[in-house]
Amino acid sequence: MKKIILSITALLISTSVFSQYWGTQNSGFAAASRGISGLEVYDANTVWAFAYNGTSSTANVQEFTKTSNGGTTWTAGSINVGNTSLRITNISGVSATTAWVGAFNNTSGLGGVWKTSDGGATWVNQKMLSTPGESWTNYVHFFDANNGIVGGDPEGGEFEIYTTSNGGSTWTRVPAANLPDPLVDEYGYNSGYYAVGNNMFFYTDHGRIYKSADKGLTWTALATDAIISDFGGTTESGDMAWSDANNGMILKRTSTTLQLYTTTNGGTTWAPVTFTGITAANKISDIAYVPGTNIVVATSSDGTTGGSWKSINNGVTWTALDTGVQHLGIRCSDANTCYSGGFNTSATVGGMFKSLLSLGTAETKAATKHTLSIYPNPTKGDINIKTDQKIKMATIIDMSGKTLNTENSGKPDVSSLPKGTYLLKVDFSDGTSTTEKIIKQ
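Note that this is a predicted model, so its numbers are computed, not measured.

**Q** What am I meant to see in the pairing of strand β3 (residues 47-53) here?
**A** When a strand is regular, its side chains alternate between the sheet's two faces. In terms of burial, β3 is a largely internal element, seven of the seven residues being buried. Going residue by residue along β3, you find V47, A49, A51 and N53 tucked away on one face and W48, F50 and Y52 tucked away on the opposite face as well. Alignment of strand β2 (residues 34-41) against β3, held across seven bridges, turns out to be antiparallel. Paired with G35 across the two strands is Y52, which belongs to β3. Hairpin remark: β2 followed by β3, antiparallel, with five residues in the connecting loop. Here β3 pairs with strand β4 (residues 63-67) via four bridges, running antiparallel. The partner of F50 across the bridge, within β4, is F64.

Structure (structure tokens):
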């Protein structure tokens, strides 16, 4: 069986100026031009990602980076799976110390799951998928420190999927009775999955989405092949994102068209979306929901038309977060915290983006009609906040997203900070917030 691997086509390094929404963080890779091949956001503070070589499409890289403090620091290292020819398919981490990777041989497909319990210093093999030409490791995902899943292509007539409830010490294959039969020559894609809550989804070359609402124990096949013929095809391809078990989106693209479809009943039916703000020319490569909301974000890794966009109404209208910037995927833990991969422009400089603002900031501010004035701005120290609402908290944030100080009043002080530009986030007692730019003289 021929295995098609999703490729990342953006090999250029953008020098565009980043918009205020994104702050840049240092991914920590020692080598320059490392791109983020994939990332998984476990929560607002814990993120694991793995790299690829941005200057060579054939070089194999086994490297990771991680943060457990919201990106204030990123720590990079090697993914030593004992075989330098194995390619990493994805990474899934649940803490500063514990993560798993899937890996496979690009010729035979043989591979499996490796775990680190010491922050990436060592990686231990836990499970091998071992039928040549059939057992292609497509993904591994852990819902928490104990419950995980690894999936591969059909082997012995059924998709080869295993679950664990003890952190990967033992694995149990999902019985054939719990899995819909694959179609002829149907297979999955490397990293072609989406997880939210206890829900797991993966898509195939036949345009179908397989769905599990119980951490991979039982599955259904959604008839999305009526919408898209192949999620990773040459002339037609696509992506998916899910807000929860019921609400999801399919993106379908060709070189000249872009279409969106949404479901509100778990994929039983899908409706086309009439949308504005993005087009096929943007070459959208990844979409993601803010879990449990109708907020969707999209990114493009194209070296010319790249950028990022948001929609707060389930894909109907889109607004740009930045343009002309290469974004290698995106995931959000909540409306206030999104991460997107990029390229490091030199050794240990750049490579990761983190949101500085809430995806709903502007809309919340307009809807609640708060009056807010900040003075003096620019300032040499004290900042006065005048508003018609009770202030719960005022936070000073640098342009990388790092929290510098917090005040439970309307008079934050930046006199101890170096000259430069910062963000002032004001949280109100009614649960809303707004963010303004300030300049320290």
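**Q** Help me understand the packing of aromatic side chains, please; the structure alone is not making it clear to me.
**A** When we look at a pair of aromatic rings, we describe it by the centre distance and by the angle of the planes. Scanning the entire structure with this criterion turns up 20 aromatic pairs. One aromatic cluster in this structure is built from Y139, F159, Y193, F202, Y210 and W219. When the ring centre of Y162 is taken as reference, the NZ or CZ atom of K127 above it lies at 4.1 Å.

**Q** Whenever I open this one, the state of the cysteines confuses me. Can you help?
**A** A covalent bond between the sulfur atoms of two cysteines is referred to as a disulfide. Counted under the stated rule, the structure contains one disulfide. Disulfide partner of C332: C338, at an S-S distance of 2.1 Å. Judged by the sign of its S-S torsion, about 100°, the cystine formed by C332 and C338 is right-handed. Accessibility expressed as a relative area gives 7% for C332, which makes it buried. By relative accessible area, C338 is classed as buried at 0%.

What counts as what
- Residues numbered from 1 in each chain as written.
- Predicted model: local features only at pLDDT ≥ 70, side-chain atom pairs only at ≥ 80, totals over all residues.
- Heavy atoms only, no water.
- Buried < 20%, exposed > 50% of the residue type's maximum accessible area, 1.4 Å probe, protein only.
- Helix = DSSP H or I, 4+ residues; strand = E, 2+ residues; numbered from the N terminus.
- Pairing = 2+ DSSP bridges.
- Phe/Tyr/Trp six-rings, centres within 6.5 Å; stacked < 30°, edge-to-face > 60°.
- Lys NZ or Arg CZ within 6 Å of the ring centre and 35° of its normal.
- Disulfide = S-S within 2.5 Å.

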